[in-house]
Amino acid sequence: SLKTPVGSRFTNTDLQAKRVEAFLLARPEVQQVFGNGGGFGGGVRDRIEEDPDTRGLFDGPTEEGWRFSIVMVNFGGTVGIDKKKYADRATEMYAEAAESLRGLRVDDPPAELEGDLCSRRYEWVNHKGKEVKKIEPKDRFRGREGRSPDDGDGFVLAVAPDTIFNQEWHWA
C-alpha cells in the first residue's frame, strides 16, 4: 500500500487540511495518509472528513473504487515492534527510518530533512526496569535548532514499517 505522511509545517489547521485535500484529490493512487496524532493532526483530519469534497472518500468505496484510511500516529504512544529497545513510538520510528535509509535513496529531499534525522539526540532511560532508547522531546530540539523537526517526522511516518502501526486508530 502507498503511504503518505501529513506534515505539520503550517500553523493554520484549515490551510493544512486544504493542502492535504488537494493532494488526495489529485492522487487517487494514495491508499493511506499518516499524520501525527498530536498537535494539529487531529484537527486536520477532522477538517478533511467534514469537507464535502473529501467526506465521501471516508464512507467506503467510491464509484471509482477509491478508498483510503487516515492513520493518526501518537508519537508518544506505545512501541509497536520492540518494547525492549525503545521508550515510545517516536523513538522506534526514527530508529526504523535509520535502518530503512540503508537501502533507500531520497531524491530532492527538503532542505531540513537531514538535520531533522541526524541532529535529533537520544538518551537512555529506565522504562519498566529496563534501559531503553528515547529520542529527545521536540521542545528540546526546537530550543537547540530553532525549529520543529517536521520534515523528519513526516519522513519517519512514510518509511516506517506497517507493523509499527497495527494498534493505531484508523479512520476510513
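Below is a summary of the structure that appears in this document. (Residues numbered from 1 in each chain as written. Predicted model: local features only at pLDDT ≥ 70, side-chain atom pairs only at ≥ 80, totals over all residues. Heavy atoms only, no water.)

**A look at the overall build of the protein chain**
What counts here: Going along the chain from the N terminus, every DSSP run of H or I of four or more residues is numbered as a helix, and every run of E of two or more is numbered as a strand. Burial classes follow relative accessibility: with a 1.4 Å probe on protein chains only, a residue under 20% of its type's maximum area counts as buried, one over 50% as exposed, and anything between as partly exposed. A contact between two residues is defined here by any heavy atoms of the two lying within 4.5 Å.
Each helix and strand in the protein chain was counted, giving 7 helices and 6 strands. Traced from its N-terminal end to its C-terminal end, the protein chain shows the element sequence β-α-β-α-α-β-α-α-β-β-α-α-β. The proportion of buried residues among the 172 residues of the protein chain is 42%. Relative to all contacts within the protein chain whose residues are 6 or more apart in sequence, the contacts with residues 24 or more apart total 69%.

**Notes on unusual backbone geometry**
Of all residues except glycine, most have a negative phi; of all peptide bonds, most are trans. One non-glycine residue, D108, adopts positive backbone phi at about 50 degrees. Exposure remark for D108: the relative accessible area of 75% places this residue in the exposed category. The backbone of K128 sits at a positive phi, close to 55 degrees, despite the residue not being glycine. On the secondary structure map, K128 appears in the loop between β4 (122–127) and β5 (130–135).

**With respect to the packing of helix α4 (residues 89–100) against helix α7 (residues 150–159)**
Definition in use: To obtain each axis, a line is fitted to C-alpha atoms, and for helices this fit is confined to the stretch in contact; angles are then taken between N-to-C directions over 0 to 180 degrees. For classification, angles of less than 35 degrees are called roughly parallel, those exceeding 145 degrees roughly antiparallel, those between 65 and 115 degrees roughly perpendicular, and all remaining angles oblique. Each residue is assigned to one of three groups, with Ala, Val, Leu, Ile, Met, Phe, Trp, Tyr, Cys and Pro labelled nonpolar, Asp, Glu, Lys and Arg labelled charged, and all others, Gly among them, labelled polar.
Two elements in contact, α4 and α7, have axes separated by 9 Å at closest approach and are oriented at 70 degrees. One element, α4, and the other, α7, form an angle in the roughly perpendicular class. Each of M93, Y94, A97 and S100 in α4 lies in contact with α7, whose residues at this interface are G152, D153, F155, V156, L157 and V159. Residues that form the contact of α4 with α7 fall into these classes: 7 nonpolar, 2 polar and 1 charged.

**Side note on α4**
Heads up, the rule is: Expected helix span is given by 1.5 Å per residue-to-residue step, counting one fewer step than there are residues. N or O atoms closer than or at 3.5 Å make up a polar contact, with two conditions inside protein: a donor-capable atom paired with an acceptor-capable one, and, for residues adjacent in sequence, both atoms drawn from side chains.
Counted at 1.5 Å a residue, the expected span for α4 with its 12 residues is 16 Å, and the 16 Å between its end C-alpha atoms agrees. Listing the buried residues of α4 in full gives R89, A90, T91, E92, M93, Y94, A95 and A97. Buried residues along α4 sit against β3 (69–73), α5 (113–118), β4, β5 and α7. At the N-terminal boundary of α4, the capping side chain belongs to D88, with an oxygen 3.4 Å from the backbone nitrogen of A90.

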